[in-house]
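Notes for the structure review
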Amino acid sequence: MAYDKDNIFAKILRGEIPCNKIYEDEFALAFHDINPQAPIHVLVIPKGEYVSMSDFTADAPDELIVGFFRAVGLVAKQLGLDEPGYRTLANIGEHGRQEVPHLHMHIFGGKKLGSMI
Ligand code: 5GP
């Protein structure tokens, strides 16, 4: 799937629309979800034009892949979620119910979460 440069997370990355930022480095940006589904609901996005996990893992430079996943772990730790735990989730494509076509990892926490699906 071709990357849509006008998707909402691309606009957030370009600073064209605001976000409630909690972490940023050269590889990733993390911010609070606008419609939280848990007491803590954060999104982590890579700084690059990738729609899916397949695009990202096939095409992104190694340092970006490492940097992105490192940022996910770091953000969860900074939010105090390592104990008692949390959930990461990436929705991909139609069956995954992906709404925003820029790869993103959800971090859910702050309560004992429900079942997976
Ligand atoms: P998806 O279904 O694509 O995995 O999830 C997209 C997520 O992005 C949803 O949880 C939705 O609430 C969130 N979202 C959509 N638009 C915005 C926005 O403009 N700002 C923020 N912070 N989150 C957004």
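Each remark here, short or long, concerns the structure printed above.
Residues numbered from 1 in each chain as written. Predicted model: local features only at pLDDT ≥ 70, side-chain atom pairs only at ≥ 80, totals over all residues. Heavy atoms only, no water.

To continue, consider the site of the ligand. Contacts to the ligand come from 17 residues, most closely from Asp33, Asn91, Glu99, His104 and His106. Backbone polar atom of Glu99 to an oxygen atom of the ligand: 2.6 Å apart, as the coordinates give it. For the ligand, the protein covers 85% of the area, taking 520 Å² as the surface of the free molecule. A majority-of-atoms criterion places the ligand in the largest pocket. Elements with a contribution of two residues or more to the shell around the ligand: α1 (8-13), β2 (28-32) and β3 (40-46). (Near = heavy atom within 4 Å. Polar contact = N/O pair within 3.5 Å; in protein donor to acceptor, adjacent residues only side chain to side chain. Areas by Shrake-Rupley, 256 points an atom, 1.4 Å probe, with all protein chains shown as cover. 1 Å grid on protein atoms, 1.4 Å probe; cavity = no way out; pocket = protein on both sides within 12 Å on 5 of 7 lines; lining within 4 Å. Sits in = over half its atoms within 2 Å of the grid points. Helix = DSSP H or I, 4+ residues; strand = E, 2+ residues; numbered from the N terminus.)

Roughly 670 Å³ of volume is contained in the largest pocket. Looking at the largest pocket, it is lined by 26 residues, and the ones nearest its centre are Asp33, His41, Leu43, Glu99 and His106. Those elements giving two or more residues to the lining of the largest pocket turn out to be α1, β2, β3 and β5 (105-109). Top element by residues in the lining of the largest pocket is α1. It accounts for 3 residues. Of the residues in the lining of the largest pocket, the class split is 12 nonpolar, 11 polar and 3 charged. (Points joined across faces, edges and corners; volume = space filled by probe spheres on them. Nonpolar A, V, L, I, M, F, W, Y, C, P; charged D, E, K, R; others polar.)

This brings us to unusual backbone geometry. The linkage connecting Glu83 with the following residue, Pro84, adopts the cis geometry, with an omega of 15°. In this structure, Pro84 sits in the loop between α3 (62-78) and β4 (87-89). Positive phi values are uncommon outside glycine, yet Arg97 reaches one of about 60°. Relative to the helices and strands, Arg97 resides in the loop between β4 and β5. Its relative accessible area of 69% is what places Arg97 among the exposed residues. (Buried < 20%, exposed > 50% of the residue type's maximum accessible area, 1.4 Å probe, protein only.)

Time to look at the pairing of β2. The buried count for β2 comes to 4 of 5 residues, which makes it a mostly enclosed element. Pairing of strand β1 (residues 21-24) with β2 involves 3 bridges; the strand directions are antiparallel. Bridge pairing in β2 places Tyr23 opposite Ala30. Counted between consecutive antiparallel strands, the loop separating β1 from β2 contains 3 residues. As paired strands, β2 and β3 are joined by 5 bridges and run antiparallel to one another. (Pairing = 2+ DSSP bridges.)

Attention now moves to the packing of aromatic side chains. Counted under the stated rule, the structure contains 5 aromatic pairs. A ring pair is formed by Phe56 and Phe68, whose centres lie 5.3 Å apart and whose planes are at 80°; its orientation type is edge-to-face. Here the residue Phe56 occupies a position in helix α2 (residues 53-59), and Phe68 occupies one in helix α3, the gap between them amounting to 12 residues. As far as the burial class goes, Phe56 and Phe68 line up, both buried. (Phe/Tyr/Trp six-rings, centres within 6.5 Å; stacked < 30°, edge-to-face > 60°.)

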